[in-house]
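Here is what each chain is made of, one letter per residue.
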Amino acid sequence: MTGLTGPRLAVALEGAGWHPAAWREPDARPADLLTAGYWTGLVQEAEAAHLDFVTFEDFLSLRDPAEPEARADRAQTRLDAVLLASRIAPLTSNIGLIPTAVVTHTEPFHLSKAIATLDYVSTGRAGVRVQVSGRPEEFQHFGRRTPPEVADLFEEAADYVEVLRRLWDSWEDGAEIRDVATGRFIDRDKLHYIDFEGRWFSVKGPSITPRPPQGQPIVAALAHGPDAYRLAARQADVVYVTPNDRAHAASIIDEISAPVQVFADLVVFLDETSQAAADRKARLDDRAEFASDAHVFTGTPAQLADLLLDWHAAGLTGFRLRPGALPHDLAAITRALVPELRDRGAFRSEYEASTLRGLLGLPRPANRYAA
């Protein structure tokens, strides 16, 4: 099977796993969390199973900053997600790479060239998840302003993405002519000012990085409510949502009401039997309190396959699975869940495209500034 008739699959990589006690598991590698090799191995495991993409989380502050004593048992060390993805990109071949960027505190010009660079070093497999932040402690890192209203954060993010997209288009395809005889490296007529003027940004352009291989790298967002749904509908290619069941998934899709690919987030704890999975999660819960914005699934890979196919029928494009503990739950996804879906004719056995847009069935868009 080369095509994909069932749900698309991605994994969200986070530290030693999404459970705060995951770093204490026997097969965990807490001493390696700040090494490129650790993350590369996880992504290569996902790529061997032909998953669509992996995502990398990022924040600009420690969690629970008001309670330092609550942090002592948490693995909170973190590498920059965009830089990490760029390090991994040359060591992988097909899987998409979508790092998180906190757009509330970064400049769109800088991020545009960083993601364009990721698209080049990955040969067309880059994306970015735009994340807003209203956390006061993160604003205190920069000292430029106080947290605005939530609605304003998302409006700012929408303008931010608009600037990204214009900068990616500010070089037309073929702007680099490299004509040795005439000494012309660039066709200046194919570079464009973007002249963006808005409430939060004033950006002249053009970019210093030529148009990315995909034309427009994938833009993703995590959405829990109306403000985020509007951002996704206006500016995203992919949106991660957190339904509780199939009916809830269908209602979220209706509320977004836009031609965007909708992935449901699930935290997964998988084992050969339901009891073994429940016992392992209970052991983790005894060590640290666990709460999640996403639905938590505990069971076997076959049971998870049942759920994914059922929810997929509600109109979801796919699923972003959050492994509860690494490497255990990632291996259960790649070596048990994926074969189960393949046996049901619901997942690919090889990659059918070389770019992330291609894997997601999205065309390479025309340049808005080209004649």
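See above for the structure.
Anyway, here's the lowdown on the structure attached to this text. Every chain is numbered on its own, with residues counted from 1 as its sequence reads. Thresholds applied to this predicted model are a pLDDT of at least 70 for local features of residues and 80 or more for the giving and counting of side-chain atom pairs; totals over whole chains, interfaces and linings are not thresholded and use all residues. The basis for every side-chain value is the complete set of heavy atoms in the structure, and neither hydrogens nor water enter the calculation.

1. Things to note about the overall build of the protein
Point 1. Helix and strand content of the protein: 11 helices and 13 strands.
Point 2. By the compact-globule yardstick of 21 Å for 371 residues, the protein fits well, its C-alpha radius of gyration being 21 Å.
Point 3. The burial tally for the protein puts 53% of its 371 residues in the buried class.
Point 4. Whether two residues touch is decided by their heavy atoms; if any such pair falls within 4.5 Å, the residues are in contact. In the protein, 76% of the contacts between residues at least 6 apart in sequence involve partners at least 24 apart.
Point 5. Calculation of accessible area relied on Shrake-Rupley with a 1.4 Å probe; when residues are assessed, cover is drawn exclusively from the protein chains displayed. A total of about 15600 Å² of accessible surface is found on the protein, and carbon and sulfur atoms cover 51% of it.
Point 6. Within the protein, the 53 negative side-chain charges are centred at a point lying 4 Å from the centre of the 39 positive side-chain charges. To qualify as a helix, a DSSP run of H or I must reach at least 4 residues; to qualify as a strand, a run of E must reach at least 2; elements of each kind are numbered from the N terminus. Taken over C-alpha atoms, the radius of gyration is set against a globule rule of 2.2 Å times the number of residues to the power 0.38. Only protein chains enter the area calculation, which uses a 1.4 Å probe; residues under 20% of their type maximum are buried, those over 50% are exposed, and those in between are partly exposed. The sign given to each residue is positive for Lys and Arg and negative for Asp and Glu; His and the chain ends receive no count. Lys charges are placed at NZ, Arg charges at CZ, Asp charges at CG and Glu charges at CD.

2. With respect to unusual backbone geometry
Point 1. Here G205 and P206 are connected by a cis peptide whose omega angle stands at -5°.
Point 2. Tracing the chain through its elements places P206 in the loop between strand 8 (202–203) and strand 9 (218–222).
Point 3. Look at T123: it is not a glycine, yet its phi comes out positive at around 50°.
Point 4. Note on placement: T123 falls in the loop between helix 3 (108–121) and strand 4 (127–131).
Point 5. Given the relative accessible area of 53%, T123 is considered exposed.
Point 6. One non-glycine residue with positive phi stands out, namely R178, at about 50°.
Point 7. Mapped onto the elements of the fold, R178 is located in strand 5 (residues 176–179).

3. Quick word on the packing of helix 5 (residues 150–169) against helix 6 (residues 226–235)
Point 1. Put simply, helix 5 and helix 6 touch, their axes get as near as 9 Å, and they point 15° apart. When the interaxial angle is binned, helix 5 and helix 6 end up roughly parallel. Seen from above, helix 5 lies across helix 6 with right-handed handedness. Across from V150, A151, F154, E155, A157, A158, D159, V161, E162 and R165 in helix 5, the residues of helix 6 making contact are D227, A228, L231, R234 and Q235.
Point 2. Per-class residue counts for the contact of helix 5 with helix 6 are eight nonpolar, one polar and six charged. Lines fitted to C-alpha atoms define the axes, with helix axes restricted to the stretch in contact, and inter-axis angles between N-to-C directions lie between 0 and 180 degrees. An angle counts as roughly parallel when it lies under 35 degrees, as roughly antiparallel when it exceeds 145, as roughly perpendicular when it falls between 65 and 115, and as oblique in every other case. A clockwise turn of the near helix away from the far one marks a right-handed crossing, whereas an anticlockwise turn of less than a right angle marks a left-handed crossing. Under the convention adopted here, Pro, Cys and the residues Ala, Val, Leu, Ile, Met, Phe, Trp and Tyr are nonpolar, Asp, Glu, Lys and Arg are charged, and Gly plus all remaining residues are polar.

4. Notes on the packing of helix 2 (residues 81–88) against helix 3
The relative placement of two packed helices is expressed as an angle between their axes plus a distance between the axes.
Point 1. Two elements in contact, helix 2 and helix 3, have axes separated by 9 Å at closest approach and are oriented at 20°. Relative to helix 3, the element helix 2 is oriented roughly parallel. Helix-helix and strand crossings are classified by hand; for helix 2 and helix 3 the assignment is left-handed. Across the interface between the two elements, V82, A85 and S86 from helix 2 touch L111, A114, I115, L118 and V121 from helix 3.
Point 2. Taken together, the residues of the contact of helix 2 with helix 3 break down into seven nonpolar, one polar and no charged.

5. As for the pattern of salt bridges
Close approach of charged atoms allows side chains of opposite charge to pair.
Point 1. Salt-bridge detection follows one rule: a side-chain nitrogen of Lys or Arg within 4 Å of a carboxyl oxygen of Asp or Glu. In this structure the tally under the stated criterion is 34 salt bridges.
Point 2. One salt bridge in this structure joins D187 and R184, with 3.8 Å as the shortest N-O distance.
Point 3. Here R230 ties to D227 by a salt bridge, and the two come within 2.5 Å at their closest N and O atoms. Residue R230 and its partner D227 are both found in helix 6; the two are separated by three residues, about one turn of the helix.
Point 4. Among the charged side chains, a salt-bridge network with shared partners connects E162, R166, D169, D173, R211, R364 and R368.

6. Structural notes on the packing of aromatic side chains
Point 1. Centre distance within 6.5 Å is the pairing criterion for rings of Phe, Tyr and Trp, where only the six-membered ring of Trp is used; planes under 30 degrees apart are then read as stacked, over 60 as edge-to-face, and the remainder as tilted. Applying the stated criterion across every chain, the model contains five aromatic pairs.
Point 2. Ring centres of Y38 and W39 lie 5.3 Å apart, and the angle between their planes is 90°; this geometry places the pair in the edge-to-face category. Like W39, Y38 is buried.
Point 3. Ring geometry for F269 against F290: centres 5.9 Å apart, planes inclined by 80°, an arrangement best described as edge-to-face. With F269 in strand 11 (residues 261–270) and F290 in the loop between helix 8 (274–287) and strand 12 (295–299), the pair connects residues that are 21 residues apart, well separated along the chain.

7. Overview of helix 2
Point 1. Those residues of helix 2 lying buried are A81, V82, L84, A85 and I88. Projected onto a plane normal to the axis of helix 2, the buried residues spread over an arc of 160° and lie on a single side.
Point 2. Tucked inside the fold, the buried residues of helix 2 contact helix 1 (36–48), strand 2 (53–56), strand 3 (96–102) and helix 3.
Point 3. Nitrogen and oxygen atoms within 3.5 Å of one another constitute a polar contact, given that in protein one can donate a hydrogen and the other can accept it, and given that sequence-neighbouring residues count only through two side-chain atoms. Between the side-chain oxygen of the N-cap and the backbone nitrogen of V82 there are 3.1 Å, and the N-cap of helix 2 in question is D80. As used here, the arc belongs to the directions running from the helix axis to the C-beta atoms.

8. Let's talk about the environment of T298
Point 1. Considering the arrangement of structural elements, one finds T298 in strand 12.
Point 2. C-alpha separation for the pair T298 and A49, spaced 249 residues apart in sequence, amounts to 21 Å.
Point 3. In contact with T298, other than residues within four places in its own chain, are F269, A277, A278 and K281.

9. Quick notes on the side chain of D58
Point 1. By the element assignment, D58 lies in the loop between strand 2 and helix 2.
Point 2. Of the buried charged residues, D58 lacks a salt bridge, with R78 as the closest side chain of opposite charge at 4.5 Å.
Point 3. Polar contacts involving the side chain of D58 include one to the main-chain amide nitrogen of A81, which spans 3.0 Å.
Point 4. Once residues lying within four places of it in the same chain are set aside, the contact partners of D58 are R78, L79, D80, A81, T100, V102 and Q131.

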